[in-house]
Structure formats: C-alpha cells, structure tokens
Amino acid sequence: MSAEEPADGETEEDEDLQYFVRIGQTDLDGTKSVERSLSELKGIGKRMARIVADEADVNRQATFGRLDDDEIESVVDVVDNLDEIIPSWMANRQKDFFSGETTHVTGSDLEESRRHDINRMKMISSYKGVRHKRGKKVRGQRTKSTGRTEGTIGVNIEEIREEMEEEEAAGEEE
C-alpha cells in the first residue's frame, strides 16, 4: 500500500471533516477539539471556550470539523451572544468608554477596540498614552535594566582595537 492511498475507513472520515470552521471573520482549525480551536479565537481563552461548549450543548473534546452544521451554528450563536450568557465580571469590555455598556468582544473587533483605546490615551496625553507614544513600558515594569532597545550596551571591542591601531600607526610615523 502506498503512502498516497488512505485505508478504507479513513476516506469516509476525511470526507466528513471540515478543515476550517468560520466564526465571525476568523477561520478556526477543524482538526482540533472544540475547546482548543475556540481558544484560538481572540477574546476567548480556555475557560471561555469551555463555557461556550457547555452552553451550545456540544462535547468539548469532539473534533470541531466533524460536528453537524446545526451544532456549529449553535456554537456561533453562543459566541455572538456571549455578553448575555456570561456574568458581567467575566466580560472583556466592562463599562465601555463611549457606550457605557458591558460587552464581550471577540475576533478582529477586539483588536480594533484595543487600537482605539490606545489612540484615545495618546490623544488625551494620559500617562499610559505618553508611554505608548515613546515606546516605553506601560504597565509599571522595570526599566532600569530591561527594555533597552537603542544602541549598544557595554564595551565595543572593535572600536577600541581600531583606535589602538590608529595610535600605533601614528606612533610609528613619528
């Protein structure tokens, strides 16, 4: 049997498998379990993936690409309506600056809202905004010994050798 020809039982299983499952604007890996592939979606971690699978009445160890279309739709509905299902302390956008609502944002919307928040901090020149502008550490990390990105630190041996060679050459000419 060659490597290209699958066994008889494998062809039927592979035909049922969806390799990519689309939720929102993100393609999730259909070959992984429901819990693991949901945790790849931005805004959903391990705990949130477990909650989504339980709310959608789906086995979280099942392969995501082998689920029926109805089960996948129930998972998508739960992900879209997460802010209604989870408690408010678990949401990632509590008391939004503009709307004042508590929501749970996922996918590319999360990246966009984060970018807007950082730009707003930069515009009003808050402490965190100024740190973002300058490219410094924002959350109170140590900066005395870490985060040095500009220039070289320590002794540059090559420059010292070049200077010594120049001095020797100047001494020989005299």
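Read on for a plain summary of the structure. Predicted model only: the values in this text are computed from it and were never measured.

Reading the values: rules and limits
- Residues numbered from 1 in each chain as written.
- Predicted model: local features only at pLDDT ≥ 70, side-chain atom pairs only at ≥ 80, totals over all residues.
- Heavy atoms only, no water.
- Salt bridge = Lys/Arg side-chain N within 4 Å of Asp/Glu carboxyl O.
- Buried < 20%, exposed > 50% of the residue type's maximum accessible area, 1.4 Å probe, protein only.
- Helix = DSSP H or I, 4+ residues; strand = E, 2+ residues; numbered from the N terminus.
- Expected span 1.5 Å × (residues − 1).
- Arc of directions from axis to C-beta.
- Contact = heavy atoms within 4.5 Å.
- Patch = residues over 30% accessible without salt bridge, like charges linked within 9 Å, V, L, I, M, F, W, Y side chains within 5 Å.
- Areas by Shrake-Rupley, 256 points an atom, 1.4 Å probe, with all protein chains shown as cover.
- Lys, Arg positive; Asp, Glu negative; His and termini not counted.
- Charge placed at Lys NZ, Arg CZ, Asp CG, Glu CD.
- Pairing = 2+ DSSP bridges.
- Phe/Tyr/Trp six-rings, centres within 6.5 Å; stacked < 30°, edge-to-face > 60°.

A closer look at the pattern of salt bridges
- If you walk through the whole model with that rule in mind, you get 9 salt bridges.
- Two residues, R22 and D27, come together in a salt bridge whose shortest N-O distance is 2.9 Å.
- Its relative accessible area of 49% is what places R22 among the partly exposed residues.
- Given the relative accessible area of 44%, D27 is considered partly exposed.
- Salt-bridge contacts for D96 lead to R93; the nearest nitrogen and oxygen are separated by 2.4 Å.

So, helix 6 (residues 108–123)
- End to end, helix 6 covers 23 Å across 16 residues, agreeing with the expected 22 Å (1.5 Å per residue, within 8%).
- Restricting attention to buried positions, one finds in helix 6 the residues S113, D117, I118 and M121. Along the axis of helix 6, the buried positions cluster into a sector of 135 degrees, meaning they face one direction only.
- Contact partners of the buried residues in helix 6: helix 7 (127–134).
- Note on helix 6: the residue one or two positions beyond its end, S125, has a positive phi of about 55 degrees.

A look at a negative patch on the surface
- A grouping of E158, E159, E162, E163, E165, E166, E167, E168, E172 and E173 is seen on the molecular surface, where their side chains present a negatively charged patch.
- Structurally, the position occupied by E173 is in helix 8 (residues 157–173).
- We classify E173 as exposed; its relative accessible area is 71%.

Here we look at the pairing of strand 2 (residues 26–29)
- Taken together, the 4 bridges between strand 1 (residues 20–23) and strand 2 define a ladder with antiparallel strand orientation. Bridged to V21 within strand 2 is L28.
- The antiparallel pairing of strand 1 with strand 2 creates a hairpin that spans 2 residues between the two strands, and G24 there sits at a positive phi of about 65 degrees.

Notes on the packing of aromatic side chains
- Inspection of every chain in the model, using the stated rule, returns 1 aromatic pair.
- Here the aromatic rings of F97 and F98 are separated by 5.0 Å at their centres, their planes lie at 85 degrees, and the arrangement is edge-to-face. Each member of the pair, F97 together with F98, is exposed.

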